[in-house]
Amino acid sequence: MKTKNLLIAAACLAAGCGGGGDAWRTTDLTYIPLVADDPEGGEYTVYVDTRNGKTGGNVPWGGLFFDGYAVVESADGMNFIDRNWNMLADTCFRDVTIFDDGVAWAVRPGGPLEAIDRRGRPLFELRQAEAACAFHEGLAVFTDAKGLWGVVDKKGRVVVEPVWAETGPMYVGGLIPVKEAGTDLWGIADTKGELVVACKYEEIGTTDCEEGFRFNYVQALREGRIPVCDASGKWGVIDRKGNLQINPQFDGITLDGKNYLFCKGRNYGWCDRDGKYLINPRYSDACLFAESDLAAVRDGDTDRWGFIDKKGEWAIEPQFRQAMQFLPCGVAPVRDAGSRDWGAVDKHGKYVVNPQFRSIYEYGADDRLLVFDQSGSVGVIDARGKYIVAPDYSNASVGLTRNVSGIGGPYKAASDFVDTEALAELIDAKIRSLKATTAAGLQVAYGLKESRFPRSGGDMTVYNAEVTPLVHCKICVTGLNAWRRTSDGWFGYNYTFLPDTPVKSYTLTAEFRGKASRSVGGVMEAMKRKYAYDQERSAFAIPGYAQVLAFPVANGGIVFHVKTE
């Protein structure tokens, strides 16, 4: 299953120093998906009420709730479930995204990307899209068959034609990071596709949407405090118009409230909005202050974690093997240096949850933590260590921890639609490019040197390349002998290249990849509608060609044997 990612109990920390922001982070965490083992050796998802530990619906796989619905998946495909455990659609989809702004993408088997509302009603299809991200602020980015990205609104209007090599996954405050095709440099565009910041940066602190979303995407774009990396590899901060607020000088920088956590060399410190140091870079690792007045840092001398205040003074001495930032409820998960087990401390460094867990994960709730006990079982505790959900479960969806950084569910879907007519036109164009010519003509057409021609004669590959992400073509000239061989009078031969050697026979191999591999039959039928076809000989009657034989192959392609007139 595409979405079935689970936490591993052996992993000690995930998203431990994460931030937040809005993004695709859900606060609808009354029911969370946990994994239970079934008697036959498999597993399934149980929705558990975090208020009382009671169970709700069971599905083969399920994610978090967004906009009233959770994405679920079974062997039949994907669907949505509401909090009454009712499926949204009667039939399953091949791919979906989470709901946002009342709209989600859904893909039926063999179909294009389709926008649906919260009743499951289709709003529009986007046939030109190969993939799309979930909606946000009424807009969604999508990529076309050429791999270029554009923008569509909730009414299906393409408001920005595909022109960018890459984009961020969503608009925030009417802005989105974009990568210019051909330069690999990043800038920022508005909702009309016009650049408000020129594409001149190596990176923008928002481009890795699963690892760097947190404060460095939503908050950065919304507030106009956007981390950027220039050609020197150093990071600074720009505003929404591209004006430098902090000159590039750091090895990494992250928004932290009104200030910034930065990395200089191998050490971490904090600076203000003008780049002035507030806390000198002297810690070997650090988490954000976020909404707390204390931050978890690692002391480089002892390799232990403690907590500092906003003056950089130790509030809790370094003594822990690992530490996470404080939750809004005033406790912070820490890993005991002796037992290596996880517990939680208050702002005085006193344990309020004794070290006893293999792992602790924050998942976006203000006063709840996901825990793995010593047996590897999963439960949920409150801020004092009391079990709200007993450790009766074997695992949990990775979406729970990704929710902290703003990616709590499937945010990208891929089209299953293949335009067989377009593929047939592409193949037809390739066939009709094969002309009666000479060896010299091949040199001009394909940029070949004499040394490419086999001296012993036979077949020669003249073209072998990806035409589109779904089609790879190889062209071979068959039965070619472009050399005259004469004895050198001893035991060898002299070879003379014959540029006028006629070329009339080719083999074209069209390999269909990905979803197109299922479309061989459709391409053949499209070509049959255009040209007469001899079923017995597997031959198309294409004007200007003495023979065009077509043989579908098992791996998803067609081999054409072509002879010109």
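Our subject is the structure that appears above.
Residues numbered from 1 in each chain as written. Predicted model: local features only at pLDDT ≥ 70, side-chain atom pairs only at ≥ 80, totals over all residues. Heavy atoms only, no water.

Asker: Hey, could you run me through the overall build of the protein in this one?
Answerer: Scanning the protein for helices and strands turns up five helices and 48 strands. With the C-alpha coordinates aligned to their principal axes, the bounding extent of the protein is approximately 95 × 55 × 55 Å. Looking at the protein residue by residue over its 565 residues, the buried ones come to 53%. Expressed as a percentage of contacts within the protein between residues at least 6 apart in sequence, the contacts between residues at least 24 apart total 44%. In the form shown here, the protein has an accessible surface area of approximately 24,800 Å², with 45% of it arising from carbon and sulfur atoms. Averaging the coordinates of the 64 positive side-chain charges in the protein and doing the same for the 73 negative ones gives two points 3 Å apart. (Helix = DSSP H or I, 4+ residues; strand = E, 2+ residues; numbered from the N terminus. Buried < 20%, exposed > 50% of the residue type's maximum accessible area, 1.4 Å probe, protein only. Contact = heavy atoms within 4.5 Å. Areas by Shrake-Rupley, 256 points an atom, 1.4 Å probe, with all protein chains shown as cover. Lys, Arg positive; Asp, Glu negative; His and termini not counted. Charge placed at Lys NZ, Arg CZ, Asp CG, Glu CD.)

Asker: Would you explain the pairing of strand 14 (residues 158-167) in this entry?
Answerer: As a general feature of sheets, a regular strand has side chains that alternate between the two faces. The pairing of strand 13 (residues 149-153) with strand 14 spans three bridges and is classified as antiparallel. Note on strand 14: the bridge partner recorded for V152 is V158. Counting the residues in the hairpin turn of strand 13 and strand 14 gives four residues, including G156, whose phi is positive at 90°. Alignment of strand 14 against strand 15 (residues 176-180), held across three bridges, turns out to be antiparallel. What sits directly across from W164, in strand 15, is E180. (Pairing = 2+ DSSP bridges.)

Asker: Looking at this structure, how should I read the sheet that holds strand 2 (residues 43-49)?
Answerer: Within a beta sheet, neighbouring strands are joined by backbone hydrogen bonds and run either parallel or antiparallel to one another. Taken together, four strands build an open sheet; the order of strands is 3-2-1-36 and the sheet is antiparallel. On the outer flanks of this sheet lie strand 3 (55-59) and strand 36 (395-396), each paired with one strand and no other. Pairing geometry for strand 2 and strand 3, over three bridges, is antiparallel. Each residue of the ladder has a partner; that of T45, found in strand 3, is V59.

Asker: Mind showing me how you'd approach the packing of aromatic side chains here?
Answerer: Both the distance between ring centres and the angle between the ring planes are used here to describe each pair of aromatic rings. Enumeration according to the criterion identifies 22 aromatic pairs in this entry. On the numbers, 5.1 Å between centres and 90° between planes, the contact of Y31 with W85 is edge-to-face. Of the two residues, Y31 sits in strand 1 (residues 31-37) while W85 sits in the loop between strand 6 (77-81) and strand 7 (95-96), which places them 54 residues apart along the sequence. Relative accessible area serves as the criterion here: at 17%, Y31 is assigned to the buried category. (Phe/Tyr/Trp six-rings, centres within 6.5 Å; stacked < 30°, edge-to-face > 60°.)

Asker: Mind showing me how you'd approach the nonpolar core here?
Answerer: A general feature of soluble globular proteins is that nonpolar side chains tend to end up buried together. By size, the foremost hydrophobic cluster in this structure holds 88 residues, and its most contacted members are W24, L34, F80, I253, W270 and L370. Considering each element in turn, this core owes the most residues, five residues, to helix 1 (residues 214-223). Counting 42 residues, the second-largest nonpolar core is a separate cluster that includes M460, V462, V477 and Y545. (Core = buried A, V, L, I, M, F, W, Y, C linked by side-chain atoms within 4.5 Å.)

Asker: What should I look at first to understand the pairing of strand 10 (residues 122-126) in this one?
Answerer: Direction of pairing for strand 9 (residues 113-117) relative to strand 10: antiparallel, over a ladder of four bridges. The partner of A115 across the bridge, within strand 10, is F124. Counting the residues in the hairpin turn of strand 9 and strand 10 gives four residues, including G120, whose phi is positive at 85°.

Asker: Where do I start with the side chain of D239 in this structure?
Answerer: Counting through the fold element by element, D239 comes out in the loop between strand 20 (235-238) and strand 21 (244-250). Separated by 2.8 Å, the side chain of D239 and the backbone nitrogen of K241 make a polar contact. Of note is the side chain of D239, whose polar atom sits 2.8 Å from the backbone nitrogen of N243. In this structure D239 touches V197, G224, I226 and Q245, once residues within four positions along its chain are discounted. (Polar contact = N/O pair within 3.5 Å; in protein donor to acceptor, adjacent residues only side chain to side chain.)

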